[in-house]
Amino acid sequence: MALIPVNNVGEVGIVKDINPWELPPNVWSDGNNVRAEHGAIMKSPGYAEVMATCPIVPLYITNLNTAADNYWIVAGTAAIHVYKDSTDAWANITRSSGGYNATAEENWTSTVLGGVLILTNGYDDPQFWALTNGEPSTSTLMADLTNWPADTECYSMRAFRSFLVALNVTDSSGTPDVRYTRVVKWSTEAATQTVPASWDETNATVDAGEYELADTRGPILDGLPLRDTFMIYKDDSIYSMTYVGTPFIFAFRQLSPSVGVLTKNCVAEFDGGHFFFGNGDIYINDGQKVTSILPHKIRDYVFNYIDGAQYKKSFVVADYGNTEMWACFPSADNTSNQCNKAVVWNWTNQAFTIRDLPDLSHIGYGSIDDPNAFTTWAAASAITWSAALGAWSATWSTVENVLVMAGLTDTKLYRNASGNQEDTTDMVSYIERTGISTTAQGNPDQTTVKRIKAIYPKMEVSGANTVNVYVGTQMSTEEGVSWTSAYTFNPDTQSKISVRAAGKLYGVKFESTGDFDWRLDGYTIELDDAGRRGSQSY
């Protein structure tokens, strides 16, 4: 009889593209609604509705935090509304000239230049929210961008230095519209707390200009600053845009002639560069080179599972507080046609995990109160210490930046990292490893039958709750995994679960289905070898 320890189980996360019997013991072959941190696997945090009731079906959400207040701006197909934190109230700030023509497929983009919020959807003039004495006001409506050329739209607009950069421009002055999909257009530099005074590339007295990225065929889909460079992403290539001053203002250089972004809103910045959801992979752009990070991990899973008819609804968001990037996409089996899955990459430990999403159109990042937090005895009187979520006096929850999700299907906004449920529904969370062949001598051997006697989980579970533990066995790699019934495990009262299973390959699965949290640091398998003859599982 031998004890086989498996530690540091959060080092790599989930790998689905390699057969499980080829993986190291601490790598997981499947899982959902989990995250990897501190060398452990943890249940994904829950989420709860905030800012109820959202007055429009939310396509896009972004945060604007000023010296005086905190605002959440939500854009729909025809209207824009803002939620003011201090008044806990919504206001309609749709432009006075009428509604918009945004679509769920193309969505919006946003940027902030000198404190001024600018949004664009590709079909209407870019919109800006003017400041009064350096602050926005819920009584100020969005308006068509001042000094923007007439009868012109752009697919995306981003701020860079004190310029605005318009990408993929359309001339709508005639019929039909003329699209200049490879054109980059930039404004003259803007003064403090205001929008640029000119976009006229023919005026030699201003710094405005335009340039066509003509040497690759694809359209420009988005762009984002990366330190002192602006990166431009087409669907088939990447370019850098660098400030050089007069007379050219900007210089352009091709970074990659073959790698592009999947769609709009699929790039996010972090300390290591840009994380972006590309055509056939997920990549890191550090400004000098582009590196793929999905191969031999979960690349096949993502691109076999994504809905090819709805891929334009995919997007990327950074959770800086947890050093995570979320690549969100609609799965092929999701009837809502919205983003219901996220591949989560932790850029500190390089681990990949997977989680469910509640049919989202977009996710913003900013500060919003946690509806499941409490900081007074009166608020806490209705629950017990063991059932309480988070630490006492956890007032950080009122100011920390978190992900806020826009649920298009149910017209709700959700704060991530609030409680342990999916809004009001218990979350099913599991992590699974199959294909282990380690013998009692500690060597991998697919020819020896092993008798599994016990599992010793090293884990924490909140409250007096239990997790389900399963043991799976196979007699060959071609055979399906036979799982035992669920064994309940409570670390407060148990140190192990006794099992009776045998096979040449074996596995383990940890699962929760209730309103509680857990953390798994490792586990130990107790087994002995039963020889090489015979093929019976029990």
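Residues numbered from 1 in each chain as written. Predicted model: local features only at pLDDT ≥ 70, side-chain atom pairs only at ≥ 80, totals over all residues. Heavy atoms only, no water.

S.K.: I would appreciate a short explanation of the overall build of the chain in the present structure.
M.R.: Looking only at helices and strands, the chain features two helices and 41 strands. Here the chain has a C-alpha radius of gyration of 26 Å; the compact-globule value for 538 residues is 24 Å, and the two agree. The principal-axis extent of the C-alpha atoms belonging to the chain is close to 85 × 60 × 35 Å. Split into buried and exposed, the 538 residues of the chain put 55% on the buried side. Accessible area for the chain stands at about 21700 Å²; split by element, carbon and sulfur atoms hold 47% of it. (Helix = DSSP H or I, 4+ residues; strand = E, 2+ residues; numbered from the N terminus. Rg over C-alpha atoms; globule rule 2.2 N^0.38 Å. Buried < 20%, exposed > 50% of the residue type's maximum accessible area, 1.4 Å probe, protein only. Areas by Shrake-Rupley, 256 points an atom, 1.4 Å probe, with all protein chains shown as cover.)

S.K.: Explain the layout of surface pockets here, please?
M.R.: Over the atoms, a rolling probe the size of a water molecule traces out where space has been left empty. Considered as a void within the structure, the second largest pocket measures approximately 730 Å³ in volume. Thr62, Ser110, Arg158, Leu224 and Tyr320 are the residues nearest the centre of the second largest pocket, which is lined by 24 residues in total. Counting only elements with at least two residues in the lining of the second largest pocket, the list comes to β6 (60–65), β10 (109–113), β14 (152–160), β18 (220–226), β22 (267–270), β26 (315–319) and β29 (352–367). (1 Å grid on protein atoms, 1.4 Å probe; cavity = no way out; pocket = protein on both sides within 12 Å on 5 of 7 lines; lining within 4 Å. Points joined across faces, edges and corners; volume = space filled by probe spheres on them.)

S.K.: Explain the pattern of salt bridges here, please?
M.R.: In a structure, side chains of opposite charge can pair up when their charged atoms sit close to one another. This structure, assessed with the given rule, holds 21 salt bridges. For aspartate 356, the salt bridge is made with lysine 341, and the minimal N-O distance between the two is 2.6 Å. Taken together, the positions of aspartate 356 in strand β29 and lysine 341 in strand β28 (residues 339–346) put the pair 15 residues apart, joining distant regions of the chain. For lysine 412, the salt bridge is made with aspartate 423, and the minimal N-O distance between the two is 3.1 Å. Pair noted here: lysine 412 is in strand β31 (residues 412–416) and aspartate 423 is in the loop between β32 (421–422) and β33 (425–426), with a separation of 11 residues, a long-range link. One salt-bridge network, in which partners are shared between bridges, spans Arg35, Glu37 and Glu324. (Salt bridge = Lys/Arg side-chain N within 4 Å of Asp/Glu carboxyl O.)

S.K.: I keep staring at empty space enclosed by the protein and nothing clicks. Help me out?
M.R.: According to the stated counting rule, one finds one cavity of 30 Å³ or more in the structure shown. Estimated volume of the largest cavity: approximately 80 Å³. The wall of the largest cavity is formed by 14 residues, among which Asn107, Lys312, Lys313, Ser314 and Ser361 lie closest to the centre.

S.K.: Hey, could you run me through the pairing of β28 in this one?
M.R.: A regular strand places its side chains so that they alternate between the two faces of the sheet. For β28, the buried fraction is high: eight of the eight residues fall into the buried class. In this sheet, β29 lies alongside β28 in antiparallel orientation, the contact comprising six bridges. Each residue of the ladder has a partner; that of alanine 342, found in β29, is arginine 355. Where β28 folds back on β29, the antiparallel hairpin that results is connected by five residues, among which glutamine 350 adopts a positive phi of roughly 65°. (Pairing = 2+ DSSP bridges.)

S.K.: Explanation requested: the packing of aromatic side chains in the structure shown.
M.R.: Both the distance between ring centres and the angle between the ring planes are used here to describe each pair of aromatic rings. In this structure the tally under the stated criterion is 27 aromatic pairs. Ring plane angle 80° and centroid distance 6.4 Å describe the contact between tryptophan 28 and phenylalanine 510, whose orientation is recorded as edge-to-face. Taken together, the residues span a long stretch of sequence, with tryptophan 28 in the loop between β1 (2–7) and β2 (30–32) and phenylalanine 510 in strand β40 (residues 505–512) at a distance of 482 residues. Phenylalanine 510 shares its class with tryptophan 28; the two are buried. An angle of 80° between the planes, with centres 6.4 Å apart, marks the rings of tyrosine 305 and phenylalanine 329 as edge-to-face. (Phe/Tyr/Trp six-rings, centres within 6.5 Å; stacked < 30°, edge-to-face > 60°.)

S.K.: Looking at this structure, I do not really get the environment of glycine 280. What am I missing?
M.R.: Note on placement: glycine 280 falls in the loop between β23 (273–277) and β24 (282–285). Between the alpha carbons of glycine 280 and arginine 299 there is a distance of 7.7 Å; along the sequence they are 19 residues apart. Leaving out residues up to four positions away in the same chain, glycine 280 has contacts with Arg299 and Phe303. (Contact = heavy atoms within 4.5 Å.)

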